Amino acid sequence: MISISPYLFFIIKAGKIICWDYKNHQQYELDKQHFNRLVKISGNLDFPSSLLDQELNDANLLFSSNTEEEWGWDHLSKIFHFGTQISKNIAHQESVVSPEEFSSDYLQLSEETLATSPPIYIEREGEKLILPNPSYTPLEEVRLLSTLRERQTCRSFNKDNISIQTLSLLMHTVFGNIRSDADEYSQYGYEQIGLRKSSPSGGGLHSTEAYLLALHVEGLQKGIYHYQAHNHALTLIKSVDASSLMPALFCGQYFAQDLSLGVFLTSRFDKLWHKYQHSRAYRVALLDAGHLSQTFQLVATALKLNPWLSGAFVDEDVIELLELKSACEQPLFFVGAGMGPKSALDPVMKNLAAKQGKY
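Residues numbered from 1 in each chain as written. Predicted model: local features only at pLDDT ≥ 70, side-chain atom pairs only at ≥ 80, totals over all residues. Heavy atoms only, no water.

Run through the pattern of salt bridges, naming residues and quoting values.
In total, this model carries six salt bridges according to the counting rule given. Its salt-bridge partner being D53, residue R37 comes within 2.7 Å of it at the nearest N-O pair. Of this pair, R37 sits in helix α1 (residues 32-42) while D53 sits in helix α2 (residues 51-58); the two residues are 16 residues apart in sequence, bridging distant segments of the chain. Residue classification places R37 among the buried residues on the basis of a relative accessible area of 8%. Note that K222 and D241 form a salt bridge whose closest N and O atoms lie 3.5 Å from each other. Of this pair, K222 sits in the loop between β7 (208-214) and β8 (223-228) while D241 sits in the loop between β9 (233-239) and α10 (246-249), and the two are 19 residues apart along the sequence. Given a relative accessible area of 32%, K222 falls into the partly exposed group. Using a relative accessible area of 38% as the deciding quantity, one classes D241 as partly exposed. If you follow the salt bridges from partner to partner, you end up with E209, R268 and D270 in one network. (Salt bridge = Lys/Arg side-chain N within 4 Å of Asp/Glu carboxyl O. Helix = DSSP H or I, 4+ residues; strand = E, 2+ residues; numbered from the N terminus. Buried < 20%, exposed > 50% of the residue type's maximum accessible area, 1.4 Å probe, protein only.)

I'd like to hear about the sheet that holds β9, residue by residue, with values.
On the basis of which strands lie adjacent, the open sheet formed by seven strands has the order β6-β9-β8-β7-β10-β12-β11 and antiparallel pairing. Bordering the open sheet on either side are β6 (128-130) and β11 (306-310), each of which pairs with just one other strand. Strand-to-strand, the axes of this sheet are offset by a mean angle of 30°, without reference to chain direction. Against the sheet, helix α8 (residues 164-175) makes contact with β7, β8 and β10 (261-268), and its axis sits at roughly 25° relative to β10, the strand it touches most. (Pairing = 2+ DSSP bridges. Axes fitted to C-alpha atoms, helices over the stretch in contact; angles between N-to-C directions. Contact = heavy atoms within 4.5 Å.)

So, α8: which residues are in play, and what are the values?
Between its terminal C-alpha atoms α8 stretches 16 Å, which fits the 16 Å expected from 12 residues at 1.5 Å a residue. Where α8 is concerned, the buried positions are I164, L167, S168, L169, L170, M171, H172, T173, V174 and F175. Close packing links the buried residues of α8 with α6 (137-140), β7, β8, β10 and α12 (281-302). (Expected span 1.5 Å × (residues − 1).)

Which residues make up the packing of α8 against α12, and what values do they have?
The N-to-C vectors of α8 and α12 enclose an angle of 145°; their axes lie 9 Å apart at closest approach. In this structure, the crossing between α8 and α12 has a hand that is right-handed. In contact with L170, T173, V174 and F175 of α8, α12 contributes L292, T295, F296, V299 and A300. (Left-handed = near helix turned anticlockwise from the far one by under 90°.)

I'd love a proper account of the side chain of T295, names of residues and values included.
Examined against the element boundaries, T295 turns out to sit in helix α12. For T295, a relative accessible area of 17% translates into the label buried. Of the polar contacts made by the side chain of T295, one reaches the side chain of S199; its length is 2.6 Å. Residue contacts for T295: discarding those within four places in its chain leaves T173, V174, S198 and S199. (Polar contact = N/O pair within 3.5 Å; in protein donor to acceptor, adjacent residues only side chain to side chain.)

Please set out a negative patch on the surface residue by residue, giving values where relevant.
Residues E29, D31, E55 and D58 make up a contiguous surface patch of negative charge. Looking at the element boundaries, E29 is found in strand β4 (residues 26-30). (Patch = residues over 30% accessible without salt bridge, like charges linked within 9 Å, V, L, I, M, F, W, Y side chains within 5 Å. Areas by Shrake-Rupley, 256 points an atom, 1.4 Å probe, with all protein chains shown as cover. Lys, Arg positive; Asp, Glu negative; His and termini not counted. Charge placed at Lys NZ, Arg CZ, Asp CG, Glu CD.)

Help me get a handle on the packing of aromatic side chains, residues and values and all.
One pass over the structure, following the stated rule, counts 21 aromatic pairs. When the centroid spacing of 5.1 Å and the interplanar angle of 90° are considered together, the rings of F9 and W20 count as edge-to-face. Of this pair, F9 sits in strand β2 (residues 8-13) while W20 is found in strand β3 (residues 16-21), placing the two residues 11 residues apart along the sequence. For F9, a relative accessible area of 22% gives the class partly exposed. On the accessibility criterion, W20 (17% relative accessible area) is buried. An angle of 5° between the planes, with centres 5.7 Å apart, marks the rings of F250 and F264 as stacked. (Phe/Tyr/Trp six-rings, centres within 6.5 Å; stacked < 30°, edge-to-face > 60°.)

As structure tokens, then:
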């Protein structure tokens, strides 16, 4: 018995029915006849075969079995996962070229991308504050192994202030232009373009932007700031004490209101769209945010701060808070840090455990 492929979705656009086979990366415009035939087949009813069936089968829109691969999430996540895979055919085409051809094509793509790319750096409008030059002394004697062991997601904070020098060091080492490869590039006649951060980034694009929520920082007005990585500066987006907004913003995670600082990680999708037109690049945006998140947590731990992180926030409210004006830039993740007892449980959680006789 035939059925329709489980890897299809349909878009109605400009009066046309577009069918996307997202596993095989094929798109078709369907007339009403072929679309109605797919609807009938999807009902698993007994009906006479049709000449249309062969055409649909040739296009891989039909399936010879009702057995689907096991999938525990909704269909949207399935579309994303399979729709962003690199097909075997594309991978094979790229693997048959010589190393010289591959390198030549890559460098040419990079040059062409640079010539027409969106701005590498963005500077938001607003009052600008140059952060103090970072002093690396607090990190120079810290051992990596001890930092890895001490890193813990904490949920108990006491609203203590941190110094602006600590903030400066944290922002620079995580989000700033911390090193240069100019000598290596110039040695071989290439130009270094863009930033060199402590975390890797797909295509070297560094599409992630950092928005600071200053809650308890000495010498810094409470508010929302955009961090300018290329000149280690902050631009004031909005003067606001965001503490009271945090529980609603983070879907009830009330302990966020006691953080000393937080950073929303947004992605400049336009940078990725320009160089990588395949939707797989969305995976890269998520991975970039993950790399920065881990670096933030390790640096915060090394600076004796307690880190917290979350992807559970109300996107619309965050977009409004950060005053993002375009779909080209969207929030993906949040990292925060504060002072207090190093504990995964806040006082409310501990008191609840006591009431329930858990200890």
